[in-house]
Amino acid sequence: MSKAPEGINEANVTAWMVDHVPGVSTPLTFTLIAGGRSNLTFRVEDALGRAWALRRPPLHHVLPTAHDMSREYRLMHSLGPAGIPVPVTVGLCSDEAVNERPFYVMEFVEGHILRSATEAEAAFDQATRSAVGDHMADTLASLHDVDPDAVGLGDLGRHEGYIERQLKRWRGQYEQMQVEGVDHGGLVERVSDELARRVPKQQRTSVVHGDYRMDNVVLADDGSVRAILDWEICTLGDPLADVGMLLGYWAEPDDPMSALLVSAPTMAPGFATRDQVLESYARHSDLDVSDMAYYRAFGYWKLACILQGVFARYRAGATAGDQGSVTEYPRHIATLAQTARETLEQT
């Protein structure tokens, strides 16, 4: 039997699953799923070939408010019955004696998780690719239509001042995660100040995913969304911030760089344009999207701050997942901050 990957206490987790997952058949096989640079996701397969997904925090360098497993679990457990496509939750373990950190187990949703244009072309024909943007926009609008109080999530976070709180949070993380020898000349801070001066009025309080993009959803063969994944930075707030992030990741062939740092899936022929995705969202939602340039700028800036945290954890040896291209992050962070500044000038 192969040794379990780092981050899994095989004996303890196996015993926990036998106690909490009905009908599980040992022995279990644990495989780290590539692509994660934050919370770690493992595929767990039993002796009968049935599969689950297990999520746990990173191995080291964890910020106090980050990587809350019970929060992720609660979100999916609450949103599933409301018709939002999420994996079915199986169990949450808060006892750190089992596996060093809390973890949860959920359904393993089969389908397509696209991280590159090559994968997109292999998974879908051009006609199906053309439908993905509308499916993703429709699903996001459905999430934003959920009344947080009605699904028991009204206390998930403060209802007002989302962008202001996000600016404070991510700037604080950026400042905490400085890496010796890497300096962006105050650009990230200057963009933060300008964003703070121009915050649009929040139209609605919604469940905000925080990182809604193509490699955080599982797509069905017809291009529809089977499951939204990676809820670790979800809270209540301004739904248009999610749209701005999605559009930031929705790279187009003439973009100077892809926000995903590799050839983004949407660079493949046939995908809708950013403007078409925004039009789809507006068609499925009653929100005014005329300030979207601001939210796109905020999304680029926020991603720069997130990447700073990933880079700091990488330098500290805390990432057990995919470390490809991480050494290029300082350059990408600067480019994202500059793109945020240029996009903000369009408002």
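Before reading on, note that the structure itself is shown above.
Worth saying up front: this structure is predicted, and the values here are computed from it rather than measured.

(A) Highlighting the packing of helix α6 (residues 162-176) against helix α7 (residues 187-197). Where α6 meets α7, the axes come as close as 11 Å, and the angle between the chain directions of the two elements is 170°. Relative to α7, the element α6 is oriented roughly antiparallel. From α6, Leu167, Arg171, Tyr174 and Glu175 reach across to α7, where they touch Val188, Glu189, Ser192, Asp193, Leu195 and Ala196. Here the contact of α6 with α7 is composed, by residue class, of 5 nonpolar, 1 polar and 4 charged.

(B) Summary view of the environment of Arg74. Position of Arg74 relative to the elements: it lies in helix α2 (residues 69-79). For Arg74, a relative accessible area of 29% corresponds to the partly exposed category. For the pair Arg74 and Thr89, spaced 15 residues apart in sequence, the C-alpha to C-alpha distance is 8.8 Å. Once residues within four sequence positions are removed from consideration, Arg74 is found in contact with Gly152, Leu153, Asp155 and Leu156.

(C) Inspection of helix α9 (residues 274-284) at higher detail. What α9 keeps buried is the set Arg274, Val277, Leu278, Ser280 and Tyr281. Viewed along the axis of α9, the buried residues span an arc of 155°, placing them on a single side of the element. Residues Asp275 and Arg283 are exposed on α9 and point more than 90 degrees away from its buried face. For α9, the secondary structure elements touched by its buried residues are α5 (126-145), α8 (240-249) and α10 (292-315).

Conventions used here
- Residues numbered from 1 in each chain as written.
- Predicted model: local features only at pLDDT ≥ 70, side-chain atom pairs only at ≥ 80, totals over all residues.
- Heavy atoms only, no water.
- Axes fitted to C-alpha atoms, helices over the stretch in contact; angles between N-to-C directions.
- Helix = DSSP H or I, 4+ residues; strand = E, 2+ residues; numbered from the N terminus.
- Parallel < 35°, antiparallel > 145°, perpendicular 65-115°, else oblique.
- Contact = heavy atoms within 4.5 Å.
- Nonpolar A, V, L, I, M, F, W, Y, C, P; charged D, E, K, R; others polar.
- Buried < 20%, exposed > 50% of the residue type's maximum accessible area, 1.4 Å probe, protein only.
- Arc of directions from axis to C-beta.

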